[in-house]
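Reading the structure
Next come the chains, spelled out residue by residue.
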Amino acid sequence: MKKRLKRTITLKSKLIIFLVLISNSIIAQIESEITQFDDVLNEYHNIRDFCISKDGNDAYFTLQSPDQSISQIAHIKKENNKWTEPKLLPFCDSFMYLEPFLSFKEDRLFFVSNRQLNDTTRVKKDFDIWYVEKDIKKGKWSKPKNLGAPVNSNLDEFYPSVSKNNNLYFTMVSPAGYGKDDIYVSTWDGNKYEKPILLNKNINSDGYEFNAFISLDEDFLLFSKYNEDDGQGSGDLYISKKNATGEWQKATNIGTPINTKYMEYCPFYDQKNEILYFTSKRLHIKSRKFTSVIDFKNYVEGSKNGLSKIYKTVLKIE
């Protein structure tokens, strides 16, 4: 009887171990589907807030110093199915530049900067939303233009995202909001932007809501929330959809393995190809024996090493 019981316990233990191994294998397989955007960016310490053209041949993103005090917008182009080395956009100077976003027609590139309003002063101002316009024939961008009031104010405005009809979603830190950072929308009337409207409490809260990506038809919103009770830890990506009457529904966490206990933020969604691009500080690096300094360098730079990097994964949004 004791031998039979012992054998039964042993079989149960093996079954549990087997199930755990299968479970871990499935998790690893899903996690492996989340890949870095491209190796060409591995040598840089902090990469964040990414957008890509509809044809997939032009990408814009922010390069930052390790302490994030220096911030510049860079561009890469796909040639012969390979990405070129990043080049800074021509308007970048000693001020901070970040969070590029292409308009639907791709004739405007929105971004955020604390640059001065004119060339007569070198004094930094608060962060505003700016844009440049593209000369399609020459392929060159105009000088930066401040979006102006009522979108910009004496407060900080961040992370512009525009729908097909040019309605603008962005983050603002305002005492009139619900919390620390909140998400607003400013509608486009065909000539100008209207006064920003604070999105409802199904999206905003007394905490931090930021980095909102709006879908082309304004039927869903992807954004980050920080340190929420239903989160994995740090910043997580959430989604909210509109109902039949056009009201935003309660935002839900998009879950693991996209979200981790590390910071996930700055979503960009390619609706045509159903690919989610996002920034993450995920850390899956382990010590091992290295054959050389080059081996060490390649492993550390190429891994999910805790630095801010652009990742991508297939994500179907119904």
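No experiment lies behind these values; they were computed from the predicted model shown.

**Let's talk about the side chain of S186**
- Considering the arrangement of structural elements, one finds S186 in strand β14 (residues 182-186).
- Judged by its relative accessible area of 0%, S186 is buried.
- Polar contacts involving the side chain of S186 include one to the main-chain carbonyl oxygen of E194, which spans 2.4 Å.
- Excluding its chain neighbours within four sequence positions, the residues that come into contact with S186 are V151, N167, L168, F170, Y193, E194 and P196.

**Describing unusual backbone geometry**
- At the junction of A149 and P150, the peptide bond is cis and its omega measures out at 10° in the coordinates.
- Topologically, P150 is positioned in the loop between β11 (145-146) and β12 (157-162).
- Located in the positive-phi region is N80, a residue other than glycine, with phi close to 55°.
- Following the sequence through the fold, N80 ends up in the loop between β4 (71-79) and β5 (82-83).

**Topic: the pattern of salt bridges**
- As enumerated under the stated definition, the model contains 13 salt bridges in all.
- For the salt bridge of E99 with R48, the shortest nitrogen-to-oxygen distance reads 2.6 Å. Highlighted residues: E99 in strand β7 (residues 97-102) and R48 in strand β2 (residues 46-52), separated in sequence by 51 residues. Residue E99 shares its accessibility class with R48, and that shared class is buried.
- Among the salt bridges present, the one from R288 reaches D295, with a minimum N-O distance of 3.2 Å.
- Connected through salt bridges with shared partners, the residues R48, D49 and E99 form a single ionic network.

**Concerning the packing of aromatic side chains**
- Applying the stated criterion across every chain yields a total of 21 aromatic pairs.
- Here the aromatic rings of F110 and Y131 are separated by 6.1 Å at their centres, their planes lie at 50°, and the arrangement is tilted. Of this pair, F110 sits in strand β8 (residues 108-113) while Y131 sits in strand β9 (residues 128-135), and the two are 21 residues apart along the sequence.
- Residue class for F110 comes out buried when judged on its relative accessible area of 1%.
- Grouped by ring-pair contacts, the aromatic residues F37, F50, W83 and Y277 constitute a single cluster.
- When the ring centre of F104 is taken as reference, the NZ or CZ atom of K54 above it lies at 4.5 Å.
- Taking the ring centre of W130 as reference, the NZ or CZ of R115 above it sits at 5.2 Å.

**A closer look at the pairing of β4**
- Here strand β3 (residues 58-64) pairs with β4 via seven bridges, running antiparallel. If you follow F61 over to β4, its bridge partner there is A74.
- Counting the residues that bridge the hairpin from β3 to β4 gives six residues, and of these Q68 lies at a positive phi of roughly 65°.
- With two bridges joining them, β4 and strand β6 (residues 87-88) adopt antiparallel strand pairing. Considered in β6, the bridge of H75 is made with K87.
- Summarising the sheet, β4 and β5 pair through two bridges and their orientation is antiparallel. Its bridge partner being in β5, K78 is matched across the sheet by W83.
- Connecting the antiparallel pair β4 and β5 is a turn made up of two residues, with N80 showing a positive phi of about 55°.

**A short note on the sheet that holds β14**
- Spatially, the four strands line up as an open sheet ordered β12-β13-β14-β15, and their pairing is antiparallel. The open sheet is flanked by β12 and β15 (197-198), the only strands paired with a single partner.
- Note that strand β13 (residues 168-172) and β14 share five bridges and pair antiparallel. In the strand pairing of β14, M172 is matched with D182.

What counts, and at which threshold
Residues numbered from 1 in each chain as written. Predicted model: local features only at pLDDT ≥ 70, side-chain atom pairs only at ≥ 80, totals over all residues. Heavy atoms only, no water. Helix = DSSP H or I, 4+ residues; strand = E, 2+ residues; numbered from the N terminus. Buried < 20%, exposed > 50% of the residue type's maximum accessible area, 1.4 Å probe, protein only. Polar contact = N/O pair within 3.5 Å; in protein donor to acceptor, adjacent residues only side chain to side chain. Contact = heavy atoms within 4.5 Å. Salt bridge = Lys/Arg side-chain N within 4 Å of Asp/Glu carboxyl O. Phe/Tyr/Trp six-rings, centres within 6.5 Å; stacked < 30°, edge-to-face > 60°. Lys NZ or Arg CZ within 6 Å of the ring centre and 35° of its normal. Pairing = 2+ DSSP bridges.

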